[in-house]
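Single-letter residue listing:
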Amino acid sequence: MENIDWSNIGFGYRKTDYNVRCTYKDGKWGELRKSTDENINLHMAATCLHYGQEVFEGLKAFKGKDGKIRVFRMDENAKRMQKSCEGIMMATLPIEKFEEAVKMVVKLNERFVPPYESGASLYIRPLMIGTSAQVGVKPASEYEFILFVTPVGPYFKGGFQTTPFVIMRQYDRAAPLGTGTFKVGGNYAASLIAGNHALEMGYSAVFYLDAKEKKYIDECGAANFFGIKNNTYVTPDSTSILPSITNKSLMTLAEDMGLKVERRHVPIEELSEFEEAGACGTAAVISPIERIDDFDTKKSYVFSPDGKPGKWCEKLYIKLRGIQYGDEEDKYGWITVID
Ligand code: PLP
Ligand code: COI
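Please read these numbers as outputs of a predicted model, since none were measured by experiment.

Caption draft 1: Inspection of the nonpolar core at higher detail. Ranked by size, the top nonpolar core spans 40 residues in total, and within it Trp29, Val71, Val102, Val106, Ile124, Met128 and Phe145 carry the most contacts. Those elements that place two or more of their residues in this core are β1 (19–25), β5 (59–63), β6 (69–72), α2 (74–87), α3 (95–108), β7 (121–130) and β8 (143–152). It is α3 that provides the largest number of residues to this core, a total of five residues. Contact partners of Ile124, with chain neighbours within four places excluded, come to Glu57, Gly58, Leu59, Lys60, Ala61, Val71, Val102, Val105, Val106, Leu147, Phe148 and Val149. Core analysis: the second largest hydrophobic core is formed by 23 residues, Tyr233, Ile286, Cys313 and Leu316 among them.

Following this line, the structure appears as structure tokens:
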């Protein structure tokens, strides 16, 4: 096992032993290959460089008390990646091939899966790029699928602790093709200025409003939103947010715990009614929200006056993490054990 201070790693890139690659050429996918090279040799006219033919995913592997390594809902990431690819006319990778690649890259980098006690995990980053040369705006004929891994700790400061977020109407998450539902690098590049501004002011991130009317909560740059009131889990329904696999899982868990679940438009004013709120995602897990400040109206929506995570946030967090690390029964079939 690597000699790393596992409990104090942040969320960043760390070199591991191998990545896994697969090439699409002449209308078909080749075999999976392992590589130790951190670089890619790319044509300067590749479509990923000019027209943003690039998609990525994010999922995690966890080491349990029993020493087993578990991957969470990789079929969902495989499907979402296919959707993203279809949306920007890229070749789609078969689900089985995606799953085979995930198992291979985790196994090859087993010594980088953080130990159970650390609370850290192995982040798996699949990506695909258009590699063949084009100058006209057309899709590439060749694609490269790459999977790398890196051990990670909490995404937002402090992990399972409340932090403040902010709404700023001057920023849209200007997404290519007018939608944020594709997981493409361009969406995130468009969010860098907003994210940086929020960070400078001491916030974890910007919560975007719907770009059309600026009336409803969308999501932040790396996570979905949920609020809890009157024993109900409420999360935005929007065509411009990423369909989060974590959020989907939390809706199932919430329902199982006896909460009502509502997926619908969430007007900003409703923020004042929530007893708890959280940001959720693979990287974020559940990041309980202390408050959301409205930068423009100066209104503050406080969910945690004492700075502590609320009881439903905590229950959901413990349940989700329990399933991921193998402490809780996997009754939904969300886990793949790597052996
Ligand atoms: N929203 C955005 C914009 C994201 O980048 C992510 C992270 O991948 C999420 C939401 C959360 O999605 P998931 O739970 O599938 O990781
Ligand atoms: C994730 O949760 O996997 C994300 O992709 C968030 C961010 C690192 C882009």
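There is more to say after this.
Caption draft 2: Local environment of the domain arrangement of the protein. For the protein, the assigned domains read domain 1 (6–152) and domain 2 (163–323). Centre-to-centre, using C-alpha coordinates, domain 1 lies 26 Å away from domain 2. Of the roughly 1600 Å² buried at the junction of domain 1 and domain 2 (both faces included), carbon and sulfur atoms supply 61%. Of all residues in domain 1, Phe56, Phe72 and Arg80 bury the most surface against domain 2, accounting for 35% of the area lost on that side. At the boundary of domain 1 and domain 2, one finds five residue pairs in polar contact (both at pLDDT 80 or more). Looking at the side of domain 1 that touches domain 2, the elements that each hand over two or more residues are β4 (54–56), β5, β6 and α2. For the side of domain 1 that touches domain 2, the element with the most residues is α2, which contributes six residues.

Caption draft 3: Spatial organisation of the pairing of β7. β7 sits mainly inside the fold: nine of its 10 residues count as buried. Relative to β7, β4 runs antiparallel, the two sharing three bridges. Within the sheet, the bridge partner assigned to Glu54 lies in β7 and is Ile129. The sheet contact formed by β5 and β7 spans three bridges and is antiparallel.

Caption draft 4: Region of interest: the packing of helix α6 (residues 245–256) against helix α7 (residues 311–325). Orientation of α6 relative to α7, taken along the N-to-C sense of each, is 110°, at an axis distance of 10 Å. The orientation of α6 relative to α7 falls into the category roughly perpendicular. Relative to α7, the crossing made by α6 is right-handed. Judged by residue contacts, Thr246, Ser249, Leu250, Leu253 and Ala254 of α6 engage Leu316, Lys319, Leu320 and Ile323 from α7.

Caption draft 5: View of the state of the cysteines. Scanning the model with the defined rule gives zero disulfides in all. You can see Cys22 has no disulfide; the closest cysteine sulfur is in Cys85, sitting 12 Å from it. Not engaged in a disulfide, the cysteine Cys48 finds its nearest cysteine sulfur in Cys85; these two sulfurs lie 13 Å apart. On the basis of relative accessibility, which here comes to 14%, the residue Cys48 falls in the buried class.

Caption draft 6: Examining the packing of aromatic side chains more closely. In the structure shown here, the tally under the stated rule is 18 aromatic pairs. Where Tyr332 meets Trp334, the ring centres are 4.4 Å apart and the plane angle is 25°; that geometry is what we call stacked. Classification of Tyr332 by relative accessible area gives partly exposed; the value is 25%. The class of Trp334 is buried, set by a relative accessible area of 5%. Members of the aromatic cluster, joined through ring pairs, are Phe11, Tyr123, Tyr155, Phe156, Phe165, Phe207, Phe225 and Phe274. Stacked on the ring of Phe274, the Lys or Arg Lys229 has its end atom at 5.8 Å from the ring centre. Cation over ring: Lys315 sits above Trp312, and NZ or CZ is 4.4 Å from the ring centre.

Cut-offs and rules
- Residues numbered from 1 in each chain as written.
- Chains lettered and ligands numbered in written order.
- Predicted model: local features only at pLDDT ≥ 70, side-chain atom pairs only at ≥ 80, totals over all residues.
- Heavy atoms only, no water.
- Core = buried A, V, L, I, M, F, W, Y, C linked by side-chain atoms within 4.5 Å.
- Buried < 20%, exposed > 50% of the residue type's maximum accessible area, 1.4 Å probe, protein only.
- Helix = DSSP H or I, 4+ residues; strand = E, 2+ residues; numbered from the N terminus.
- Contact = heavy atoms within 4.5 Å.
- Domains from an automatic or database assignment.
- Buried area = accessible area lost by both parts, 1.4 Å probe.
- Polar contact = N/O pair within 3.5 Å; in protein donor to acceptor, adjacent residues only side chain to side chain.
- Pairing = 2+ DSSP bridges.
- Axes fitted to C-alpha atoms, helices over the stretch in contact; angles between N-to-C directions.
- Parallel < 35°, antiparallel > 145°, perpendicular 65-115°, else oblique.
- Left-handed = near helix turned anticlockwise from the far one by under 90°.
- Disulfide = S-S within 2.5 Å.
- Phe/Tyr/Trp six-rings, centres within 6.5 Å; stacked < 30°, edge-to-face > 60°.
- Lys NZ or Arg CZ within 6 Å of the ring centre and 35° of its normal.

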